[in-house]
Structure formats: structure tokens, C-alpha cells
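Observations on chain architecture
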Amino acid sequence: MYSEFPSVKLKNAGEGGLLVVFDNKITPRLYAQVRSFVNALAKKKLVGIREIVPSYCSVMVYFDVLAVTMPEMKTLAKEALAEMEPEDTQAYRILHVPVCYEGVLAPDMEKVLRITGLTKNELLRIHTEKPFLVYTMGFSPGFPYMGDLPFSVPRLSSPRPVIPPGSVGLGGSQTGIYTVKARGEWQIIGRTPLKIFDHNRSQTFLLMPGDYVKFEKISLAAYFELRDQVAQDDYIPHLEVIEL
Amino acid sequence: MITVIRPGRFTTIQDAGRWGYQTWGLPISGALDPYAYQIANILAGNAPGAAVLEMTDEGGVYHFDNETMGAVAGADMSLTINGEPVENWSTFSIPAGANLVFGKAKLGRRTYFAVCGGIIVQPILDSCSTCVTAGIGGIEGRRLYVGDMLEIGICRNPNQKRYVLPPKWRTVYGHEWQLAVTPGPQANWFSFSARKDFLSEQFIISSHADRSVCEIASPLLDVPKGELVSDATGWGAIEVPAGGQLLLVLPDHGTTRGFMKIAYVIQADYTKLAQLAAGDKVKFHAVTWHSAVDAYKQQQKTILALQKLLKN
């Protein structure tokens, strides 16, 4: 019921945008509500919705003002809030992402170990032990923002002009994967041979918000082998679906 | 075939945009001035979503192998064909072997050139729009270079009336602009005096402006305390980062961002938003949701009226 979410706010964002705000925090539990709301809204299939864009703790609905009015959109959002399924009943996907944490592929590794006081084994254990939730995507197409690390690292004081795609970085208490050649200020601790975003592939994006990523440590030799397989379209990413 | 003799300062292939992928962090892209874009296509006898050239500040030189028809709308770049001046916001014939020369924008920044049949490139995720930051769309996901060859679609009605758009239907350009806004999702985070300053001050456009964001140099706005967790940020949003320097959001902007949004520019004023040049002055005034939608409907009516006019 809408009344179960007294803190939810419906905010105008331009005449063709409605922002449904659950809170102003980053927690997996809040994110589950975001996901559940997106599912409930998507089921309604109202003509005029152009796009539904979730973020950490809010959901934007872009709509065509020639087809729907803001009051109609707000009513629809309230209905969807009332019809939200409990958040722990949703299936989710885990993408297994091989990462090489060695040498030139991990230019900021030493610095990160110094900052955090962790040994390399400890850092890798934290990074590969449990799957990370993809809260949102942005910065560049398909770049997954994943939480939640038990430590925080500062960004680079001046951004690196070019970060190769596949680079795995740490920023604050989040981790992410660069998907296109970009300028960036996250600390790079490894690289995956997978292409998370590839517009030449029928499956353009390997991930979407709400998915989980399980990093898996590979050797430098395995990195190059997998990279060649990916280049030849000869690698099937390991995507696990968890039904509840 | 069109050959790019000189690409101008920043020319890209654009259409109505790549909607549907913002969840994955892909910006919508598309023509920054949707009004001038649509007018150019109708004047050229094209379907509404055809791909055109969007030129910024200075347009460049383009060579045409075959006889065809085209249209130009947006900022006036003093177009000439084989040395003969062509009126802005009009349809014109292009003889075989012609050179189209676009100069510098006198006022405003962006000009749309539509060729009859549209420019043909491989659509990526349902759109031909170039998104330079993602490296997709148009020609190899980049701006045009010297020597690029652009394929033209089939012109279905080469005998369509050559038409000059009446001035009352054209966007009015100048160095001082008025933009209508509605309150943004974090408007109530700002102090009363900051909101008052926002609606009363005259702001100066900085020289930092691309297809993602148009920066305002001064004055600065008082920024409220507190941090915003990133939320979805759409076209027309007015972001206020920690320094208080306003950022006007354009269609290549990242899809989510952690800046507070004090307001949104109304859709009917996107046609002005795309044209703000360095040093221009801008004032914001608040309107209701209803008058914002009315203004947009009015603009769409003009587009439909023009479409009908040219069909007869």
C-alpha cells in the first residue's frame, strides 16, 4: 500500500519527468524497494511512458506529455506503490567476472594496499568473496556502480586521461568496471577481459541494475587467453540465475 | 553522396535520439534543438525522425555529387551554394557538383541541415544519433572529419514546394535569452533567497559547453548543505554543484548524477537552450506544469501545420 511508504515523495522533474524518491541513502534494502517498484510500474504498461530509470534510492519515469498528464502519472505511480511485491521474492542474476589483479593491469594496487592497510590477499578476498550488487549504471554506457566495500578509498587527485575498457576500479566504498575508453579518477586494481558493453554484439549490455557481480581472480596468462576468446566471440559469459 | 570538404567546428549526425537505454547509462543524444531539427526535416520533405547534420558554431563545406534538395534551420550560418546566398529556415535546390558552404553562426550556436531522403548510416540501438562519449552512432561514433563520405537516402518527393518558413514560426535569437522553468526535484532544498536569486539574477553563459552540459559562468548560487545520492537527471535539468555554478543539462549528459536540481527548463525552450553561446545572458522565469505543456503543444501545432502545408 502507498500508505506503507509514508516517506516516498513524488517530485516533478521537468514537465515530462516524475521522480519517485524513496530516500536519500544507499542500502541494499532500499534498493530492493526501488527494484520492486520498477517491476510493479513496468507491469502497468501505460501508453506514454518513454523510459523508467532507476537509481540508488529513486526512480525516474520519463513520459510523453502529449499522451499522459502529470496527475495521471502520479496516480499510476501510487497504484504501482500499492502493488509492489515484497522485495525478497524476486529472482536475480549473478554475472561471474574474471579479473586479473596483476602487474600493469593493476596500476593502483600498491597504493590501495597502503591506504587501506590490507594485504593483497585480504583485499582480493574482500573483492572476490561475495557478489556485489549493481545499484545503478552511468558515467559511461554500461558502467556498473557496485557496493558495498567495508573500506573507502579516495579518488585520484587528478584523473587519468585514458583508462582502458575492462579496468576494475575502486571509488569511495564502491567498485566498478570501465566499459569504454574514458578519463577516470577511480583507483584501478585489475582488469577483466569481458566486454561489459559492446554495441556490435546482439546482447549490448552484459549487466543491468539489480544484477550481482562475482569477481573471480585469474592469472595474467588466463587473462590473455580469455581476451582472445572474447575477441573471437568464442566466450560465453557465466551468468547464474537465482530463483527464489 | 555528400563529401565532407571541411567539417566545421563540431558537426555530427543526429536524429530524434536513442531513447530506452538510460537504465544502462546510455545518454539519449539526438538533435539538441528539436524544433529546428524537425522543421529542417519537414522543409526537406523527410519523415520526422530522419538523420540530419547538426553543426556547432561554424558549419563547414560539403560537396554534393548529384542534384537534390535540402533545408536549413536553426542558427544562421550564412549558407551559400556555389557562392549564392540561401535564406535560413528554407528549402532549396542543390545542383549536381554543388558546394554548400556554412559560415560562422551569427547568433546562437547550432544549425540543422536536412537533405531530402535523409543521411543514411547504420542505426545503433535504433538510432543514428552520434554519442561521442559512448563512441557510437553516426560515423564511427565521432564528429565528422575531412573526407568523410555520407550516403543519402532516396528522395521521395523531389518536386516538393520550396518553402521559406515565416518569421513568426522561427525561434528568435539574440544575446539575451529568457528561459521558462518548472521547479526541480530538489528545489525545496534551496534557501528562499537562493531561489529568489535564481529567478531574478541575469546569468552569463561560459565558454565551457558541449553536447552534455552548458555551463553558466556567473553569478554563483548559494548551495544548501547535505549530499544528494545520485538520481536520474534529464534534459533541461539545471544542476547546482558544490561551487554554486549552474550547469544546464543537454542530451549527451550522463543519465544519473549527484548534483541537486533546482529547476528544469521547459521542453518548448529546448530550442533556445541549444543556442546559448559564450557570453550570452540568460534569465529564468517560473511557469506552471500546465503552461509548460501548453507551450510544448503550441510548438507541436506549428510543426503539424507546416507538415500539412507542404503536403498540398
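Computed from a predicted model, the values in this text were never measured in an experiment.

**So, the pairing of strand β2 (residues 17-21) of chain A**
Residue and element names in this part refer to chain A.
- The buried count for β2 comes to four of five residues, which makes it a mostly enclosed element.
- Relative to β2, strand β1 (residues 9-12) runs antiparallel, the two sharing four bridges. Its bridge partner being in β2, leucine 10 is matched across the sheet by valine 20.
- Two strands pair when backbone bridges link them, and β2 and strand β4 (residues 58-63) are joined in this way by five bridges, in the antiparallel orientation. Paired with valine 20 across the strands is valine 59, a residue of β4.

**Points about helix α3 (residues 109-116) of chain A**
Residue and element names in this part refer to chain A.
- Regarding α3, the residues found buried are Met109, Val112 and Leu113. Down the axis of α3, the smallest arc covering the buried residues is 100°, so these residues share one side. Away from its buried face by more than 90 degrees, α3 exposes Glu110 and Arg114.
- Of the residues flanking the end of α3, it is glycine 117, one or two places downstream, whose phi is positive at about 75°.

**Looking at the domain arrangement of chain B**
Residues and elements named next belong to chain B.
- Segmenting chain B into domains produces domain 1 (2-169) and domain 2 (176-299).
- A straight line from the C-alpha centre of domain 1 to that of domain 2 covers 27 Å.
- Contacts between domain 1 and domain 2 engage 25 residues on the former and 16 residues on the latter.
- Taken together, both faces of the contact between domain 1 and domain 2 bury some 1,700 Å²; the carbon and sulfur share is 54%.
- Where domain 1 packs against domain 2, one counts one salt bridge.
- Between glutamate 54 and arginine 211 there is a salt bridge, and its shortest N-O distance comes to 2.8 Å.
- On the surface where domain 1 and domain 2 come into contact, there are 12 residue pairs in polar contact (both at pLDDT 80 or more).
- Breaking the side of domain 1 that touches domain 2 down by element, the ones donating at least two residues are β2 (12-14) and α1 (34-43).

**Thoughts on the sheet that holds strand β1 (residues 2-6) of chain B**
All names here are of chain B.
- Read across the open sheet, the seven strands follow the order β7-β6-β9-β4-β1-β12-β11; overall the sheet is antiparallel. Of all strands in the sheet, those bounded by a partner on one side alone are β7 (84-85) and β11 (119-120).
- As defined by bridge partners, strand β6 (residues 80-81) adjoins β7 across two bridges and the pair is classed as antiparallel. Looking across to β7, one finds that threonine 80 is bridged to proline 85.

**Comments concerning the domain arrangement of chain A**
All names here are of chain A.
- Assigned domains of chain A: these are domain 1 (2-82) and domain 2 (91-243).
- For domain 1 versus domain 2, the distance between C-alpha centres works out to 30 Å.
- Of all residues in domain 1, Tyr31, Arg35 and Tyr56 give up the largest surface area on contact with domain 2, accounting jointly for 66% of the area buried on that side.
- Our count for the domain 1 to domain 2 interface comes out at zero salt bridges.
- Taken together, the connections running from domain 1 to domain 2 amount to four residue pairs in polar contact (both at pLDDT 80 or more).
- A per-element tally of the side of domain 1 that touches domain 2 places helix α1 (residues 28-44) first, with three residues.

**So, the packing of aromatic side chains**
- Per the counting criterion, the structure on display carries 26 aromatic pairs over all chains.
- Relative to A:Tyr212, the ring of A:Tyr92 lies with its centre 4.9 Å away and its plane at 55°, an arrangement referred to as tilted. Of this pair, A:Tyr92 sits in strand β5 (residues 92-100) while A:Tyr212 sits in strand β13 (residues 212-218), placing them 120 residues apart in sequence.
- On the basis of an interplanar angle of 75° and a centroid distance of 6.0 Å, the ring pair of B:Tyr62 and B:Phe102 is categorised as edge-to-face. Pair noted here: B:Tyr62 is in strand β4 (residues 58-64) and B:Phe102 is in strand β9 (residues 99-104), with a separation of 40 residues, a long-range link. No difference in accessibility class separates B:Tyr62 from B:Phe102, as the two residues are buried.
- Grouping aromatic residues by their ring pairs yields a cluster made of A:Phe139, A:Phe143, A:Tyr145, A:Tyr178 and A:Trp186.
- Sitting over the ring of B:Trp19, A:Arg50 keeps its end group 3.7 Å from the ring centre.
- Residue placement shows B:Arg142 over the ring face of B:Tyr145; its charged tip is 4.0 Å from the ring centre.

**Thoughts on the pattern of salt bridges**
Residue and element names in this part refer to chain A.
- A complete count under the given rule lists 20 salt bridges over all chains for this structure.
- When the shortest N-O distance is used, the salt bridge between lysine 43 and glutamate 85 registers 3.9 Å. You can see lysine 43 sitting in helix α1 and its partner glutamate 85 sitting in the loop between α2 (70-82) and β5, a full 42 residues away along the chain.
- The exposure class of lysine 43 is exposed, given its relative accessible area of 61%.
- Between lysine 120 and glutamate 102 there is a salt bridge, with its nearest N and O atoms 3.4 Å apart. Residue lysine 120 is located in helix α4 (residues 120-129), and its partner glutamate 102 is located in the loop between β5 and α3; the two are separated by 18 residues in the primary sequence.
- Judged by relative accessible area, lysine 120 falls into the partly exposed class, the value being 28%.
- Each of Lys44, Glu79 and Glu83 takes part in one network of salt bridges that share partners.

Rules used throughout
Residues numbered from 1 in each chain as written. Chains lettered and ligands numbered in written order. Predicted model: local features only at pLDDT ≥ 70, side-chain atom pairs only at ≥ 80, totals over all residues. Heavy atoms only, no water. Buried < 20%, exposed > 50% of the residue type's maximum accessible area, 1.4 Å probe, protein only. Helix = DSSP H or I, 4+ residues; strand = E, 2+ residues; numbered from the N terminus. Pairing = 2+ DSSP bridges. Arc of directions from axis to C-beta. Domains from an automatic or database assignment. Contact = heavy atoms within 4.5 Å. Buried area = accessible area lost by both parts, 1.4 Å probe. Salt bridge = Lys/Arg side-chain N within 4 Å of Asp/Glu carboxyl O. Polar contact = N/O pair within 3.5 Å; in protein donor to acceptor, adjacent residues only side chain to side chain. Phe/Tyr/Trp six-rings, centres within 6.5 Å; stacked < 30°, edge-to-face > 60°. Lys NZ or Arg CZ within 6 Å of the ring centre and 35° of its normal.

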